[in-house]
Amino acid sequence: MKCPNCHNKNLGKIGVNLYYCWDCFIELALIDGRLSLSQVEEDGSLTTLDDLFEEHELKTESGGF
Ligand SMILES: [Zn+2]
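Below, the structure is looked at part by part. Model, not experiment: these values are computed from the prediction. (Residues numbered from 1 in each chain as written. Predicted model: local features only at pLDDT ≥ 70, side-chain atom pairs only at ≥ 80, totals over all residues.)

All right, on to the overall build of the chain then. Regarding its fold elements, the chain presents 1 helix and 5 strands. When its helices and strands are written in sequence order, the chain yields β-β-β-β-β-α. For 65 residues, the compact-globule estimate of 2.2 N^0.38 gives 11 Å, and the C-alpha radius of gyration of the chain, at 11 Å, lies within 12% of that figure. The dimensions of the chain, computed from C-alpha atoms along their principal axes, are 35 × 25 × 20 Å. The contacts in the chain between residues at least 6 apart in sequence include a share of 21% that link residues at least 24 apart. (Helix = DSSP H or I, 4+ residues; strand = E, 2+ residues; numbered from the N terminus. Rg over C-alpha atoms; globule rule 2.2 N^0.38 Å. Contact = placed C-beta atoms within 7 Å.)

Below, the discussion takes up the sheet that holds strand β5 (residues 46–48). With respect to topology, 5 strands assemble into an open sheet ordered β1-β2-β3-β4-β5, the strand pairing being antiparallel. Every interior strand has two partners, whereas the edge strands, β1 (11–15) and β5, have only one. With direction set aside, neighbouring strand axes in the sheet form an average angle of 35 degrees. As paired elements, strand β3 (residues 26–31) and strand β4 (residues 34–40) share 6 bridges and run antiparallel to each other. Within the sheet, the bridge partner assigned to Ala-29 lies in β4 and is Ser-36. (Pairing = 2+ DSSP bridges. Axes fitted to C-alpha atoms, helices over the stretch in contact; angles between N-to-C directions.)

For the rest of this paragraph, the subject is unusual backbone geometry. Despite not being glycine, Asn-17 shows a phi value in the positive range, around 60 degrees. Looking at the secondary structure, you find Asn-17 in the loop between β1 and β2 (18–21). In this structure Asn-17 comes out as exposed when scored by C-beta crowding, with 12 C-beta atoms within 10 Å. The phi dihedral of Asp-32 falls on the positive side, at around 55 degrees, and the residue is not glycine. Within the fold, Asp-32 resides in the loop between β3 and β4. Asp-32 gets classed as exposed once you count the C-beta atoms within 10 Å, which come to 7. (Buried ≥ 20, exposed ≤ 12 C-beta atoms within 10 Å, placed from the backbone.)

Formed by Cys-3, Cys-21, Ile-26, Leu-28, Leu-35 and Leu-37, the largest nonpolar core amounts to 6 residues. Of all the secondary-structure elements, those providing two or more residues to this core are β3 and β4. In contact with Cys-3, other than residues within four places in its own chain, are Asn-8, Leu-11, Cys-21, Asp-23 and Cys-24. (Core = buried A, V, L, I, M, F, W, Y, C linked by C-beta atoms within 7 Å.)

Right, dumping it as structure tokens:
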């Protein structure tokens, strides 16, 4: 699994279907085979980044995990 934002594989699992990119500091939630990306703000709140990506970029490739 690669980060759709920076395309690195430096992802850590932080929960059930929840990953974190250590390179660009975004949270990746896997929902129904589709990623939802969020940026963690300094105050701990989440800002969605989904509108920055095309649908095909957020679809996870089969067997990619
Ligand atoms: Zn990244």
